[in-house]
Amino acid sequence: MAPESYLVVGGSGFLGRHIVKQLLARGDNVSVFDIVQRYHDTPFYSGDISEKDQVLSVLKRCGTTCIIHTASPQHGLKDPSLYFKINVDGTKSVIAAAQEAGVRKLIYTSSAGAVFAGTDIVDADERVPYPEKPFDAYNESKANGEAAVLAANRQGGLLTVALRPAGIYGPGDRQMMQGMYDVFRKGQTHFQIGDNNNLFDITYVENVAYAHLLAADKLDTPPPSKPLSQWPDKDEYSLE
Ligand code: NAD
């Protein structure tokens, strides 16, 4: 089989850049599609995912076989309409362009927020439903974008998968450390959430990036013989 040709959408961003670096390190053919250029070590295509024709022309030019779509406006914007424009309509245009260009694989960076409804989630897996009342516009748009990606699996020759990181930290972060610094700068350091035993899942960025490479590599292997609905309850198996 011909070697994979990757297009990292949002490849100038925090996570996208780590994905690009890992693909380059293993000698893969990789290009970046983003609205801003921050690096110069791969072919770069300036464009907006909400413009399907822009995505399609790049896919055709690059001969892309695998899209890793990490693009999103950052959490915390005042205008919610941008989230729906980019994360929902933009993601749908990536799907349509991928199908039209004959791309084989689409890996989508979703978010743990896709299933967050404002209350604790413990030991969850893929069976947790989307909340009836979304927590906020960002999380709702991530859930809708994810749902579109998953519904496109095996449609028009495309294989799709979505990953749901929670918080991501590490070199190049422009959100988490900035938020912590702002809290520190405002002197808001004496507060407690809940009974001080709350847990939050944060993952090192290189591990999240590696998960995307693994998802891409494994996407054409057959799924487990049992559908997810028939997997044992979590009480019946051990993760140790
Ligand atoms: P980031 O802002 O650093 O990177 C996103 C990139 O997407 C940027 O380079 C931006 O220019 C690009 N982009 C935005 N709109 C675009 C558009 N219309 N067309 C093309 N490119 C566009 O964000 P990040 O922290 O690297 O997040 C990457 C992905 O991971 C996002 O989908 C986000 O929802 C998800 N995620 C992030 C976190 C986190 O803690 N950072 C947690 C969970 C999920």
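First things first, this report covers the structure right here in the doc. Keep in mind it's a predicted model, so treat the numbers as computed, not measured. (Residues numbered from 1 in each chain as written. Predicted model: local features only at pLDDT ≥ 70, side-chain atom pairs only at ≥ 80, totals over all residues. Heavy atoms only, no water.)

Regarding the site of the ligand
No. 1: By nearness alone, 28 residues border the ligand, and Leu15, Asp34, Tyr138, Lys142 and Ala166 come closest of all.
No. 2: Phe14 places a main-chain nitrogen or oxygen 2.9 Å from an oxygen atom of the ligand.
No. 3: Compared with its free state, where it exposes 840 Å², the ligand has 91% of that area covered by protein.
No. 4: Of all elements in the fold, only helix H1 (14-25), helix H4 (137-151) and strand S7 (167-169) reach the threshold of two or more residues within the shell around the ligand.
No. 5: Residues that form the shell around the ligand fall into these classes: 11 nonpolar, 12 polar and 5 charged. (Near = heavy atom within 4 Å. Polar contact = N/O pair within 3.5 Å; in protein donor to acceptor, adjacent residues only side chain to side chain. Areas by Shrake-Rupley, 256 points an atom, 1.4 Å probe, with all protein chains shown as cover. Helix = DSSP H or I, 4+ residues; strand = E, 2+ residues; numbered from the N terminus. Nonpolar A, V, L, I, M, F, W, Y, C, P; charged D, E, K, R; others polar.)

Considering the packing of helix H2 (residues 52-62) against helix H3 (residues 81-101)
No. 1: Here H2 crosses H3 at 35 degrees, and the two axes come no closer than 9 Å. Seen along the crossing, H2 lies across H3 with a hand that is right-handed. Contacts from Lys52, Val55, Leu56, Leu59 and Lys60 of H2 reach H3 at Ser93, Val94, Ala96, Ala97, Ala98, Glu100 and Ala101.
No. 2: Looking at the contact of H2 with H3, its residues break down into 8 nonpolar, 1 polar and 3 charged. (Axes fitted to C-alpha atoms, helices over the stretch in contact; angles between N-to-C directions. Left-handed = near helix turned anticlockwise from the far one by under 90°. Contact = heavy atoms within 4.5 Å.)

Digging into the packing of aromatic side chains
No. 1: Tallied over the full model, the rule gives 3 aromatic pairs.
No. 2: Taking 5.5 Å as the distance between ring centres and 75 degrees as the angle between the ring planes, the aromatic pair formed by Tyr83 and Tyr138 counts as edge-to-face. Here the residue Tyr83 occupies a position in helix H3, and Tyr138 occupies one in helix H4, the gap between them amounting to 55 residues.
No. 3: Classification of Tyr83 by relative accessible area gives buried; the value is 3%.
No. 4: Measuring from centroid to centroid gives 5.5 Å for Tyr169 and Tyr204, while their planes differ by 55 degrees, and the two rings are tilted. Taken together, the residues Tyr169 in strand S7 and Tyr204 in strand S8 (residues 202-204) connect sequence positions 35 residues apart.
No. 5: Look at Tyr169 and you get partly exposed, because its relative accessible area is 37%.
No. 6: A relative accessible area of 26% places Tyr204 in the partly exposed class.
No. 7: Geometry around Tyr39 places Arg17 over its ring, the cationic atom sitting 4.0 Å from the centre. (Phe/Tyr/Trp six-rings, centres within 6.5 Å; stacked < 30°, edge-to-face > 60°. Buried < 20%, exposed > 50% of the residue type's maximum accessible area, 1.4 Å probe, protein only. Lys NZ or Arg CZ within 6 Å of the ring centre and 35° of its normal.)

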